Amino acid sequence: MSAEGGADRAEKIRRTERAEAAGRAEAVGRAERVDEIDAVDAVDGGDEIEVRDPVSAPDAEGRPRRTTRRFPLFTKDTARPEGGGRAASGDLPAPARQWPVLLVLGLVGVGLLVTALDVFRAGILLIGSALLVGGVLRWLLPSVGMLAVRSRFTDIVTYGVLGLVIVLLALMAQPDPLLKVPFLKDALHFTVDS
């Protein structure tokens, strides 16, 4: 038997032992399974175990690494939020793959520019509308790239509430507010006079 054949056979045996150890540990539970694989890893000295389960996350080089649901002292990586994948095919350049976040940021930038050009109400309305557009995109599209920050529900609520508040404040801005809230003047007098 050649040295190469012996090395291949030894590698196959190590893989089989790792798979058996992982299979036995699966019945015990996810946390114990990770410990069992670590024990097998320590015995045979191998570092390159690829664990592809719900708690695996890629490291900086893109290789899957074991992570646990335990609370580490320092967070080393985080899982991508649902819908955080590319918004367009991988063949396109990076800006085209991230068009939802670029659209929202572009609208906010235009709103800031309009505000800086002394058209306050229109600029602020554009900024609030951009956040509302971000919420609608997060709701409708399955993958929105970097527009996805947390869970879909949290993102939709956050974009929607912030956008709505900014739009309402722009409509109530002085002078000549387009939206008049009757109790707002009384509340202001009550807080200032007290």
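Whatever comes next refers back to the structure up there.
Residues numbered from 1 in each chain as written. Predicted model: local features only at pLDDT ≥ 70, side-chain atom pairs only at ≥ 80, totals over all residues. Heavy atoms only, no water.

(A) Representation of the overall build of the protein in the model. Scanning the protein for helices and strands turns up seven helices and two strands. Listed by position from the N terminus, the elements making up the protein come as α-α-β-β-α-α-α-α-α. Pairs at least 24 apart in sequence give 48% of the contacts found in the protein among residues at least 6 apart. Summed over all atoms, the accessible surface of the protein reaches about 13,700 Å², with 63% contributed by carbon and sulfur. (Helix = DSSP H or I, 4+ residues; strand = E, 2+ residues; numbered from the N terminus. Contact = heavy atoms within 4.5 Å. Areas by Shrake-Rupley, 256 points an atom, 1.4 Å probe, with all protein chains shown as cover.)

(B) Region of the structure containing a nonpolar patch on the surface. Taken together, Phe-153, Val-157, Val-161, Val-165 and Leu-169 make up a surface patch of nonpolar side chains, about 480 Å² in accessible area. With respect to the element layout, Leu-169 can be found in helix 6 (residues 152-172). (Patch = residues over 30% accessible without salt bridge, like charges linked within 9 Å, V, L, I, M, F, W, Y side chains within 5 Å. Salt bridge = Lys/Arg side-chain N within 4 Å of Asp/Glu carboxyl O.)

(C) The nonpolar core, seen in detail. Val-101, Val-104, Leu-131, Leu-137, Val-144, Leu-147, Ala-148 and Tyr-159 form the largest nonpolar core, which has eight residues in total. For this core, the secondary structure elements donating two or more residues are helix 4 (99-116) and helix 5 (120-140). Excluding residues within four positions of it along the chain, Leu-147 makes contact with Pro-100, Val-101, Val-104, Gly-134, Leu-137, Arg-138, Asp-155 and Tyr-159. (Core = buried A, V, L, I, M, F, W, Y, C linked by side-chain atoms within 4.5 Å. Buried < 20%, exposed > 50% of the residue type's maximum accessible area, 1.4 Å probe, protein only.)

(D) Representation of helix 4. In this model helix 4 runs 25 Å from its N-terminal to its C-terminal C-alpha over 18 residues, within 8% of the 26 Å that 1.5 Å per residue would give. Downstream of helix 4 by one or two residues, Asp-118 has phi in the positive range, about 70°. (Expected span 1.5 Å × (residues − 1).)

(E) Quick look at the environment of Ile-156. Relative to the helices and strands, Ile-156 is located in helix 6. Sequence separation between Ile-156 and Gly-134 is 22 residues, and the spatial gap between their C-alpha atoms is 8.0 Å. Setting aside residues up to four positions removed in sequence, Ile-156 forms contacts with Gly-135, Arg-138 and Trp-139.

(F) Quick look at the packing of helix 5 against helix 6. Contact geometry of helix 5 with helix 6 gives a least axis separation of 8 Å together with a crossing angle of 160°. One finds that helix 5 runs roughly antiparallel with respect to helix 6. Along this stretch, helix 5 crosses helix 6, giving a crossing that reads as left-handed. Contact with helix 5, carried on its side by Arg-121, Ile-124, Leu-125, Ile-127, Gly-128, Ser-129, Leu-131, Leu-132, Gly-134, Gly-135, Arg-138 and Trp-139, involves Arg-152, Asp-155, Ile-156, Tyr-159, Gly-160, Leu-162, Gly-163, Leu-164, Ile-166, Val-167, Ala-170 and Leu-171 of helix 6 and no other residues of that element. Class assignment for the residues of the contact of helix 5 with helix 6 results in 14 nonpolar, six polar and four charged. (Axes fitted to C-alpha atoms, helices over the stretch in contact; angles between N-to-C directions. Parallel < 35°, antiparallel > 145°, perpendicular 65-115°, else oblique. Left-handed = near helix turned anticlockwise from the far one by under 90°. Nonpolar A, V, L, I, M, F, W, Y, C, P; charged D, E, K, R; others polar.)

(G) Region of the structure containing the pattern of salt bridges. If you walk through the whole model with that rule in mind, you get one salt bridge. Note that Arg-138 is salt-bridged to Asp-155, the shortest N-O span being 2.8 Å. Note that Arg-138 is positioned in helix 5 and Asp-155 in helix 6, a separation of 17 residues in sequence. Judged by relative accessible area, which is 0%, Arg-138 ranks as buried. On the accessibility criterion, Asp-155 (4% relative accessible area) is buried.

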